[in-house]
Amino acid sequence: MTSTETFGARLHAATGRHGSLCVGVDPHPELLEAWGLPDSVEGLEQFSEICVEAFVGQVALVKPQVAFFEAYGSGGLAVLERTVSVLREAGTLVLADAKRGDIGSTMNAYARAWLGAGSPLESDAVTVSPYLGFGSLDPALELAERNGGGLFVLAATSNPEGAQVQLSTAADGRRISQVMVDEAAARNAGADVLGSIGVVVGATLTEAPDLDALHGPILMPGIGHQGGTADDVRRLAGAGLRSVVPSVSREVLRAGPSVTALQEAVGRSVEAFAFLQD
Ligand SMILES: O=c1ccn([C@@H]2O[C@H](COP(=O)(O)O)[C@@H](O)[C@H]2O)c(=O)[nH]1
């Protein structure tokens, strides 16, 4: 399902329609239990179907956490394939949170898996790790550009351990997280409304890299369960506020399994971040 429009343009249109929120599909074993579902491929399938019913048409972006599907082997990946394709067929943008990153030739295969036209797991965008060097992402950057897909590059992650690498200093004095943001910004130069190369910046951080020149989406996970708040988003985003895509998973998912209750939880989060559209 190659798009003639860029991911940045499609995301910009979707956030204009639905607000900026991204909701995660994170089938934690504890959530399956809380939803009265078995810890099995069948439980995973029911969990995902409920999420699809609750989230389609409600939010700009849905982010399945790939790890929770991989944990069930080929059966879990088959559920993920169906989930991604049903969401996309319904017109909802899908960001696969796979955090892929490897040497160039292997990165090429990851890129084909997540962004290749007609791939069983083809998504609108995928999260990638630049910590083998930003240039190792080139095959994914090229395929994203060719197919109208997007990338979200891990820059400053929400986990406390990330600081060890991301706050270290490059030879030119910049923090590594800033280097990653600047590299992404260079790929977004000249993009129309919004570039297609986003970054991930945790809402739990005390300080964010300078995002002012990014001209691309800023995915902010870490809200709710990890302690980040709407005020943190406002504080960290700087001039990039209108490009922030706040991401919540457990904060919404704990309202399930009722579709109505999930939609009410989504509505509360959309409302909490309405200021991003002002
Ligand atoms: O820096 C990062 C990057 C990704 N994530 C992912 O987002 C969700 C967060 O889930 P919550 O339940 O809202 O805490 C999860 O899939 C993470 O892998 C992140 O948290 N931080």
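Residues numbered from 1 in each chain as written. Predicted model: local features only at pLDDT ≥ 70, side-chain atom pairs only at ≥ 80, totals over all residues. Heavy atoms only, no water.

Visitor: In this structure, what is going on with the site of the ligand? I would like to understand it.
Guide: Contacts to the ligand come from 14 residues, most closely from Asp26, Gln65, Ser158, Gln226 and Arg250. Within the side chain of Gln226, a nitrogen or oxygen atom sits 2.8 Å from an oxygen atom of the ligand. Alone, the ligand offers 470 Å² of accessible surface; in the complex the protein occludes 89% of this. Looking at the shell around the ligand residue by residue, the classes come out as four nonpolar, five polar and five charged. (Near = heavy atom within 4 Å. Polar contact = N/O pair within 3.5 Å; in protein donor to acceptor, adjacent residues only side chain to side chain. Areas by Shrake-Rupley, 256 points an atom, 1.4 Å probe, with all protein chains shown as cover. Nonpolar A, V, L, I, M, F, W, Y, C, P; charged D, E, K, R; others polar.)

Visitor: Help me out: how do you make sense of unusual backbone geometry in this one?
Guide: In terms of backbone geometry, most residues other than glycine have negative phi values and most peptide bonds are trans. Of note, the amide linkage connecting Gly256 to Pro257 takes the cis form, showing an omega dihedral of 10°. Mapped onto the elements, Pro257 comes out in the loop between helix H11 (250-253) and helix H12 (259-272). Of note in the backbone geometry, His215 takes a positive phi value of approximately 55° without being a glycine. In this fold, His215 is placed in the loop between strand E6 (197-201) and strand E7 (218-220). Relative accessible area serves as the criterion here: at 31%, His215 is assigned to the partly exposed category. (Helix = DSSP H or I, 4+ residues; strand = E, 2+ residues; numbered from the N terminus. Buried < 20%, exposed > 50% of the residue type's maximum accessible area, 1.4 Å probe, protein only.)

Visitor: Explain the UniProt feature "active site" (unreviewed entry) in the chain here, please?
Guide: According to UniProt, the "active site" (unreviewed entry) feature falls on Lys99. Here Lys99 lies in strand E3 (residues 93-100). You can call Lys99 partly exposed: its relative accessible area is 39%. Residues in contact with Lys99, not counting those within four places in the same chain, are Gln65, Thr127, Val128, Ser129 and Leu154. (UniProt positions renumbered as here; feature names shortened; annotations may be inferred. Contact = heavy atoms within 4.5 Å.)

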